[in-house]
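# Survey of secondary and tertiary structure
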Amino acid sequence: MMDNDSRIRALKKALSRPLYQHSLSVARYAAELGKKGGWDPEQAYQAGLFHDWAKEWSHKKLRQYVRKNKVRLPDLPFVLKNAPDLLHAYAGAFDLKKQGWVTNRVTLAAIAHHTLGSPGMSLPEKILYVADIASPDRQFKGAQDIRRLAKKNLNAGFLSAVALKISYVVCQGKLLHPMTLTLWNEAVLSLQGRL
Ligand SMILES: [Fe+2]
Ligand SMILES: [Fe+2]
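What comes next is a walk through the structure. No experiment lies behind these values; they were computed from the predicted model shown. (Residues numbered from 1 in each chain as written. Chains lettered and ligands numbered in written order. Predicted model: local features only at pLDDT ≥ 70, side-chain atom pairs only at ≥ 80, totals over all residues. Heavy atoms only, no water.)

Turning our eyes to something else, we now look at the coordination of the iron ion (ligand 2). Coordination of the iron ion (ligand 2) by the protein involves His22 (NE2), His51 (NE2), Asp52 (OD) and Asp132 (OD), with metal-donor separations of 2.2 to 2.3 Å. Each of the four donor atoms bound to the iron ion (ligand 2) contributes to angles spanning 84 to 175°, and the resulting shape is irregular. Here the donor residues for the iron ion (ligand 2) map to a single chain with the spacing H-x28-H-D-x79-D. Here the iron ion (ligand 2) and the iron ion (ligand 1) are spaced 3.5 Å apart, linked through aspartate 52, which binds each one. With histidine 51 in the loop between helix 3 (41-50) and helix 4 (59-69) and aspartate 132 in helix 8 (residues 123-134), the pair connects residues that are 81 residues apart, well separated along the chain. Take histidine 51: its relative accessible area is 0%, and that puts it in the buried class. (Donors = N, O, S within 2.8 Å, 3.2 Å for Na, K, Ca; no water. Tetrahedral: all angles 85-135°; square planar, octahedral: opposite > 155°, others 65-115°. Helix = DSSP H or I, 4+ residues; strand = E, 2+ residues; numbered from the N terminus. Buried < 20%, exposed > 50% of the residue type's maximum accessible area, 1.4 Å probe, protein only.)

By definition of the ideal shapes, a tetrahedral metal site with four donors has angles of 109.5 degrees and an octahedral site with six donors has angles of 90 or 180 degrees. Taken together, the protein donors to the iron ion (ligand 1) comprise Asp52 (OD), His88 (NE2) and His114 (NE2), at separations of 2.1 to 2.2 Å. In terms of primary sequence, the donors binding the iron ion (ligand 1) are separated according to D-x35-H-x25-H.

Right, let's talk about the pattern of salt bridges for a bit. For the coordinates displayed, the defined rule picks out three salt bridges. Overlapping salt bridges, with partners in common, bring together Lys141, Asp145 and Arg148 in one network. (Salt bridge = Lys/Arg side-chain N within 4 Å of Asp/Glu carboxyl O.)

Attention now goes to the side chain of serine 135. Turning to its location among the elements, serine 135 is positioned in the loop between helix 8 and helix 9 (141-152). If sequence neighbours within four positions are ignored, serine 135 has contacts with His22, Ser25, Val26, Tyr29, Val130 and Arg147. (Contact = heavy atoms within 4.5 Å.)

Next up on the list: the nonpolar core. Generally speaking, a soluble globular protein has its nonpolar side chains buried in company with each other. The biggest cluster of nonpolar side chains holds 60 residues, and the ones touching the most others in it are Phe50, Leu96, Val130 and Phe158. When residues no more than four places from it in sequence are discounted, the contact partners of phenylalanine 158 are Met121, Lys126, Tyr129, Val130, Leu183 and Ala187. (Core = buried A, V, L, I, M, F, W, Y, C linked by side-chain atoms within 4.5 Å.)

In the contact formed by helix 2 (residues 17-37) and helix 9, the axes pass within 10 Å of each other and the chain directions differ by 25°. Taken together, the axes of helix 2 and helix 9 are roughly parallel relative to one another. Of helix 9, the residues touching helix 2 (which contributes Tyr29, Leu33 and Lys36) are Arg147, Ala150, Lys151 and Lys152. (Axes fitted to C-alpha atoms, helices over the stretch in contact; angles between N-to-C directions. Parallel < 35°, antiparallel > 145°, perpendicular 65-115°, else oblique.)

Structure follows, in structure tokens:
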């Protein structure tokens, strides 16, 4: 198995420069949120660094990879047909595990769920979800608001992150993944302390 420095060098080589910069920004922010919220900052950093491992794979490659390796994800036919971009999180986690680059189950789950979310999101999953959408390299207003909220309360930042993603999909006239309603309802209940 490759040592840590070799893996990071390989990652840097494989990703485009902007995506590598984004990954570094997510890693740093995830570590910061982890330190505050109770997720090992080193694991959070690793999750951020590798979360978009498969982001630049073509839709064709993603579809083939998921079929060949029988990668499981909710409502797969819907995703294949309507939102193939969502595959990169699951395919990435699967491939990182397969290559032995990331072995920690919590980190792998956070990577797999960083775009779509998942019912019953754990703290590390929420941290990576928030860190991805609101890392400091994202300068738009919505990201700044999420950072401000997450600083005080991770669940508030998470709810705002889910809302931003939903509004983005809705404003573009695209279909929402069937699980998104569950994600939203759970985010509301978490913030209210009822979950
Ligand atoms: Fe991603
Ligand atoms: Fe990302």
